[in-house]
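# Fold and geometry: a report
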Amino acid sequence: MMPERFDFMRRLWTSPFLVAISSAGLMILAGFLFVFGPGNLSGRWIAVAAVSMALVAALRIRALERSAETDQGRLTSQLATLVEQNDRYRSTVDALADGLDVALFVCDSKANIEYANRRAIAFFQAESCRGKSLLAVSLNPELEQLVKSAVINELPQSAELSFRHPVERIGQAKAWRAPGDQVFVSVYEITELRRLERIRQDFVANVSHEMRTPMTVIRNMAETMLDGDDAVLRDKYLPKIISEVDRLSTISQDLLILSAAESNPVRKQDCDIVDVLTNVIWQLTPKAADKGLKIGYRGPEAFMIEANPAQMIQVALNLIDNAINYTSEGHISINVKENPETIEISVQDTGMGIPSEHLPRIFERFYRVDKARSRASGGTGLGLSIVKHIIEAHGGKLSVQSAQNEGSTFIVVLPIGHPSVS
Ligand code: ADP
């Protein structure tokens, strides 16, 4: 840095005003020396040359100063462009990181957070993460350990971790070194994936179990009959074998319905939902009458919606059949209520009801509150999951209100859609 006094002198010396004044002064001095200067002619010329050189030097300094000013101006604008570019890159990276479904952290080598994207803040419900330790935010020592291992081993580290804070979740976590001393940490939530995997495993186990039981019964009875040519045994076992075979075919039929409901897109058409309900009521009335139950209907005489009629029949059959199976006295009421955009169908019974602890699970495949009773009534444990799938595939909702010994009400809400006839 130039001392202030010299800087002032330099500015004064190179100022255009001073250069002009001094140039004019030098010209006058050169003329004066030429006319009145030392006697001989060469001495005068030397004086004029010296003054002219000084003038050229002053002008040269000024030109250099000007070009330095131009360079400085250019550098300043380049710097401004770089800062602007940097800001733009930064906001692009922020927007990119915030749009990801993965929680992302940038930490220092001691696992203190320097940056957290939006998903990370939401995942751990942490208002501000910056400056806090990863442990304080995640409450998971294994995640912190992953960062430390990535630093020590200089290799990416990953693990499936269980998080308890703020709610129970499973995440696939990864930590890897970034350039410099930083460490990137990502957590991808796989709770739903693991839940679905468990359901699939349970499903396969359940199907095998459900099919093995009747098959074992059939085999044992057949073997007993084979051992002795006993007409009494045959008369006793053959009806049982037939009923177990029927049971097997009901299970496979329900599995096919469920799989079709899960994998095929719904083919909707104009469907009179009241016509569907009254037909199913008519079909099941003898079964209800055998138990001394009446089925009542309250609602419009016809109501068109956009739906798959065969699947609507399946829904009505499963819900009303259940209501009959799990009710020993009283009655069953079917109500249809019209809303501006939806239609609400409820199937209410005065039966045994469902204890509250079972309510969250009754829509799961093969889940039964009372296995023996379900089997006795020919149930497969798949009826409600079929109903749920069909209703959700139609964009609707299925819910239940029930309490033990107080009956149950299953409520289906379906979008009306845009039927061509209404
Ligand atoms: P299931 O073939 O056993 O009837 P579902 O999937 O239709 O299978 O129903 C699952 C379980 O929910 C049944 O086993 C039964 O315990 C209970 N459930 C269903 N509907 C009713 C109802 N209306 N009243 C009482 N319990 C019911």
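Please refer to the structure higher up on the page.
What you are looking at is a predicted structure, and each value in this text was computed from that prediction instead of being measured.

## Some details on the sheet that holds strand S5 (residues 183-189)
Picture the strands of a sheet paired through backbone hydrogen bonds; they go either parallel or antiparallel. Ordered by their spatial adjacency, 5 strands build an open sheet running S2-S1-S5-S4-S3, and the pairing between neighbours is antiparallel. Every other strand in the sheet has two partners, leaving strand S2 (113-116) and strand S3 (157-163) as the edge strands with one partner each. Adjacent strand axes in the sheet meet at a mean angle of 25°, parallel and antiparallel pairs treated alike. Inspection of the sheet shows strand S1 (residues 103-107) paired to S5 by 5 bridges, in the antiparallel sense. Note that in S5 the partner of Val106 across the bridge is Phe184.

## A word on the layout of surface pockets
Over the atoms rolls a probe the size of a water molecule, and its path tells where empty space is left. Taken as a whole, the largest pocket spans an internal volume of roughly 810 Å³. If you trace the largest pocket, you find 39 residues lining it, with Asn322, Asn325, Tyr326, Gly379 and Gly383 closest to the centre. Every element with two or more residues in the lining of the largest pocket is listed here: helix H8 (231-263), helix H9 (273-290), helix H10 (309-325), strand S10 (342-349), helix H11 (371-376), helix H12 (383-393) and strand S12 (408-415). There is about 560 Å³ of room inside the second largest pocket. Lining the second largest pocket are 20 residues, with Arg195, Ile199, Phe363, Glu364 and Arg365 sitting closest to its centre. Contributions of two or more residues to the lining of the second largest pocket are made by helix H7 (191-227) and H12. Of all the elements, H7 adds the most residues to the lining of the second largest pocket, at 7 residues. Of the residues that constitute the lining of the second largest pocket, the class distribution is 8 nonpolar, 3 polar and 9 charged. Residue assignment places the lining of the second largest pocket across two domains, with domain 3 (191-264) and domain 4 (268-422) each supplying three or more.

## Here's the deal with the side chain of Glu210
Tracing the backbone through its elements, the reader meets Glu210 in helix H7. Once residues lying within four places of it in the same chain are set aside, the contact partners of Glu210 are Arg247, Ile251, Phe366, Arg368, Lys371 and Arg375.

## Here's the deal with empty space enclosed by the protein
Applying the stated criterion across every chain yields a total of 1 cavity of 30 Å³ or more. In terms of residue count, the dominant contributor to the lining of the largest cavity is H10 (4 residues). Counted by class, the lining of the largest cavity contains 10 nonpolar, no polar and no charged residues.

## Observations concerning the site of the ligand
In the vicinity of the ligand there are 19 residues, among which Asn322, Tyr326, Ser374, Thr380 and Leu384 approach most closely. A distance of 2.9 Å separates an oxygen atom of the ligand from a polar side-chain atom of Tyr326. Residue Asp349 places a side-chain N or O atom 2.9 Å away from a nitrogen atom belonging to the ligand. More than half of the atoms belonging to the ligand lie within 2 Å of the grid points that define the largest pocket. Within the residue set of the shell around the ligand, elements represented by two or more residues are H10, H12 and S12. Its residues assigned to classes, the shell around the ligand shows 9 nonpolar, 8 polar and 2 charged.

## Some remarks on the pairing of strand S9 (residues 331-338)
Of the pairings in the sheet, the one linking strand S7 (residues 294-298) to S9 comprises 5 bridges and is parallel in character. Looking at the pairing, Arg298 lines up with Asn335 of S9. In sequence, S9 turns back onto S10 through a hairpin of 3 residues.

The rules behind each value
- Residues numbered from 1 in each chain as written.
- Predicted model: local features only at pLDDT ≥ 70, side-chain atom pairs only at ≥ 80, totals over all residues.
- Heavy atoms only, no water.
- Pairing = 2+ DSSP bridges.
- Helix = DSSP H or I, 4+ residues; strand = E, 2+ residues; numbered from the N terminus.
- Axes fitted to C-alpha atoms, helices over the stretch in contact; angles between N-to-C directions.
- 1 Å grid on protein atoms, 1.4 Å probe; cavity = no way out; pocket = protein on both sides within 12 Å on 5 of 7 lines; lining within 4 Å.
- Points joined across faces, edges and corners; volume = space filled by probe spheres on them.
- Nonpolar A, V, L, I, M, F, W, Y, C, P; charged D, E, K, R; others polar.
- Domains from an automatic or database assignment.
- Contact = heavy atoms within 4.5 Å.
- Near = heavy atom within 4 Å.
- Polar contact = N/O pair within 3.5 Å; in protein donor to acceptor, adjacent residues only side chain to side chain.
- Sits in = over half its atoms within 2 Å of the grid points.

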